[in-house]
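Read off the chains here:
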Amino acid sequence: PYQDEPLTYGKFPDGFAWGLATSSYQIEGAWNEDGKKESIWDRFVRVEGKIKGGDTGDIACDSYHRWEEDVALVKEIGATHYRFSISWPRILPEGIGAVNQLGVDYYNRLIDALLEAGIQPMATLYHWDFPQCLEDKGGWLNDDVPNGLKNTPQRVLQLSEIGNTVKVKLWITLNEPYIAALVGYEKGIFAPGIQDPGKSAYICGHNMLKAHAKAYRKYKQDFKGQEGKLGISFFTEAAFPASDSEDDVKATNRYMQFTLGWFAHPIFKDGNYPQIMIDQIGEKSKLQGFPQSRLPIFTREERKQLLGSSDFIGLNHYTSKVVSHAVGNHEVVSCAEDRDVKLDYDPTWPNSGSVWLRPVPPGMRMLLNWVKDEYGNLPVYITENGVSDTAGNLDDLHRIYYYKHFINNVLKAITLDGCKVEGYYAWSLMDSFEWTVGYSEKFGVCAVDFADKNRRRTMKSSARFLRRIFADNGFLKDGNPWYDVPDAK
Ligand code: GBH
């Protein structure tokens with residue numbers, strides 16, 4: 001249980017990045033226009049029963065045509081930064097090779113408009129919309145044929161050839177490789193819908209890490225003069241031990257290693273997976289009769305490429321878990337059983353519009369300190385943070401509660417704990433296609449009328465609240481009328 005602590009007052013560091021975030025498949029629509037080819041999500045949404053209500057991202061917020069309205073909203077809210085993602089099959093319809101100029105033109109228009117409005121772009125190269133043609137050749141499971149592994153650096157290169165990297169100073173290679181691997185290749189709930197517990201997710205993650213490292217090395221080598229920063233965004237939770245027992249405390253750290261550590265440890269710690277993952281998955285694989293560990297092994301050269309392959313750590317953070325020690329059933333081959341933990345929510349944590357999301361503001365500060373203690377005081381960007389509802393009301397006081405307390409915990413981590421946070425992006429600029437739950441769960445600080453062919457956008461109260469925080473660059477002691485809005489959970 002937690003009690004909201006009193007707010008701390010003060011300013012964020014000068015030049016702090018205040019952003020709003022979206023992703024290509026969730027907002028763009030125009031799924032088959034101007035030479036764009038199919039992504040795994042275009043395919044997946046057409047499989048009966050995969051998406052709530054049969055929703056698709058075919059039109060979504062129609063941002064492919066309405067990007068000017070998006071830029072105007074970002075400006076109106078006063079964000080200094082905007083994080084969007086580049087649809088891979090829109091700019092490289094065959095996955096690799098020929099550039100689709102019309103697709104590239106779209107991103108150039110968007111980037112130019114942002115810069116003109118005084119907003120810095122942050123571009124994500126991969127937010128889950130993998131080209132279907134490459135998936136057909138094995139996708140992330142295949143590190144041999146022309147696939148993701150070779151294409152990620154290729155895409156950085158091709159974007160630079162048309163001038164974008166000169167303008168874009170902040171890059172994210174991969175969004176939440178943990179989720180893409182586990183939900184896409186283990187549970188099969190996300191595209192490409194592969195259900196292969198305990199095996200494919202590790203292979204997919206392995207190849208994603210290698211792709212990331214290659215992209216980083218390529219970027220640093222070829223575009224040194226551009227002074228851009230390239231990083232990666234991780235799915236993160238704060239983990240609270242269920243009791244003070246040594247077992248539960250150890251299990252909590254183990255859970256962090258199996259989630260954030262799986263991807264962060266190779267990049268920020270020592271070029272390899274956390275030792276606890278190597279040991280446990282190795283042991284269980286042996287018990288299960290596998291000839292070798294289900295967790296792949298990096299070569300010495302790959303470890304060298306991985307270590308330090310990021311200029312900052314990007315954290316997507318929404319919620320927390322309560323963790324207790326529980327030995328997994330080794331007769332079941334699965335990533336979940338490999339970790340020897342049991343996961344719960346604290347029943348006192350408030351609800352949201354998503355079953356998996358309980359707002360726990362102090363978790364934000366705890367996570368930032370965990371990252372600092374584990375990886376050293378690296379530059380951190382919170383690349384996503386936000387909350388859902390299903391009602392979609394414009395007077396979204398519960399979202400103001402969420403942002404107020406989460407952002408205040410970022411401030412505490414900076415001013416009281418010395419964490420080096422350089423930016424914060426709210427998820428999301430607007431309601432959008434929320435993957436398997438379609439349009440039913442809304443994360444936007446702006447509403448989108450999906451029944452209107454013009455996809456009319458309207459600011460919610462939370463957008464006005466953020467505008468004030470952004471403008472003040474923090475929590476001023478006096479004069480912010482939003483402090484009087486009672487906390488709504
Ligand atoms: C982020 O992932 C995404 O980056 C973003 O695109 C998305 O819109 C946002 O969250 C809000 O959901 O737990 O197996 O039932 C956050 C992690 C991972 C949480 C998938 C929901 C649902 C699948 N998300 N999870 S499952």
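For the structure, see preceding data.
Fair warning: this is a prediction, and the values are worked out from it, not measured in the lab.

The rules we used
- Residues numbered from 1 in each chain as written.
- Predicted model: local features only at pLDDT ≥ 70, side-chain atom pairs only at ≥ 80, totals over all residues.
- Heavy atoms only, no water.
- Phe/Tyr/Trp six-rings, centres within 6.5 Å; stacked < 30°, edge-to-face > 60°.
- Buried < 20%, exposed > 50% of the residue type's maximum accessible area, 1.4 Å probe, protein only.
- Lys NZ or Arg CZ within 6 Å of the ring centre and 35° of its normal.
- 1 Å grid on protein atoms, 1.4 Å probe; cavity = no way out; pocket = protein on both sides within 12 Å on 5 of 7 lines; lining within 4 Å.
- Points joined across faces, edges and corners; volume = space filled by probe spheres on them.
- Helix = DSSP H or I, 4+ residues; strand = E, 2+ residues; numbered from the N terminus.
- Nonpolar A, V, L, I, M, F, W, Y, C, P; charged D, E, K, R; others polar.
- Pairing = 2+ DSSP bridges.
- Right-handed = clockwise from strand over helix to strand, strands pointing away.

1. Let's talk about the packing of aromatic side chains
In this description, an aromatic ring pair is defined by two values, namely the gap between the centres and the angle between the planes. For the structure on display, the rule yields 47 aromatic pairs. Between the aromatic rings of Tyr106 and Tyr107, the centroid separation amounts to 4.9 Å while the plane-to-plane angle is 70 degrees, which identifies the pairing as edge-to-face. Each member of the pair, Tyr106 as well as Tyr107, is classed as buried. An aromatic cluster is defined as three or more aromatic residues linked by ring pairs; in this entry it consists of Tyr25, Trp41, Phe44, Trp128, Phe190, Phe433, Trp435, Tyr439 and Phe450. The ring of Trp31 has Arg46 lying over it, and the distance from NZ or CZ to the ring centre is 4.0 Å.

2. Digging into the layout of surface pockets
Each pocket or cavity is described by its volume, and for the largest pocket that value is around 820 Å³. For the lining of the largest pocket, the secondary-structure elements that each account for two or more residues are α9 (177–185), β6 (229–241), β7 (313–325) and α14 (335–338). No other element matches the 4 residues that α9 contributes to the lining of the largest pocket. For the lining of the largest pocket, a count of residues per class yields 20 nonpolar, 6 polar and 9 charged.

3. A closer look at the pairing of strand β9 (residues 380–384)
Burial analysis of β9 places 5 of its 5 residues in the buried class, which makes it a mostly covered element. Where β7 and β9 come together, 4 bridges link them in parallel fashion. Bridge assignment links Ile313 to a residue of β9, and that residue is Val380. Crossover connection from β9 via helix α16 (residues 397–415) to parallel strand β10 (residues 421–427): handedness right-handed.

4. Digging into unusual backbone geometry
Following Ala191, the chain continues to Pro192 via a peptide bond in cis, the omega torsion being 5 degrees. Along the chain, the position of Pro192 falls in the loop between α9 and α10 (200–222). In the segment running from Trp427 into Ser428, the intervening peptide bond is cis, with an omega of 15 degrees. Relative to the helices and strands, Ser428 resides in the loop between β10 and β11 (446–448). Located in the positive-phi region is Asp34, a residue other than glycine, with phi close to 55 degrees. Tracing the backbone through its elements, the reader meets Asp34 in the loop between α1 (24–27) and α2 (40–44).

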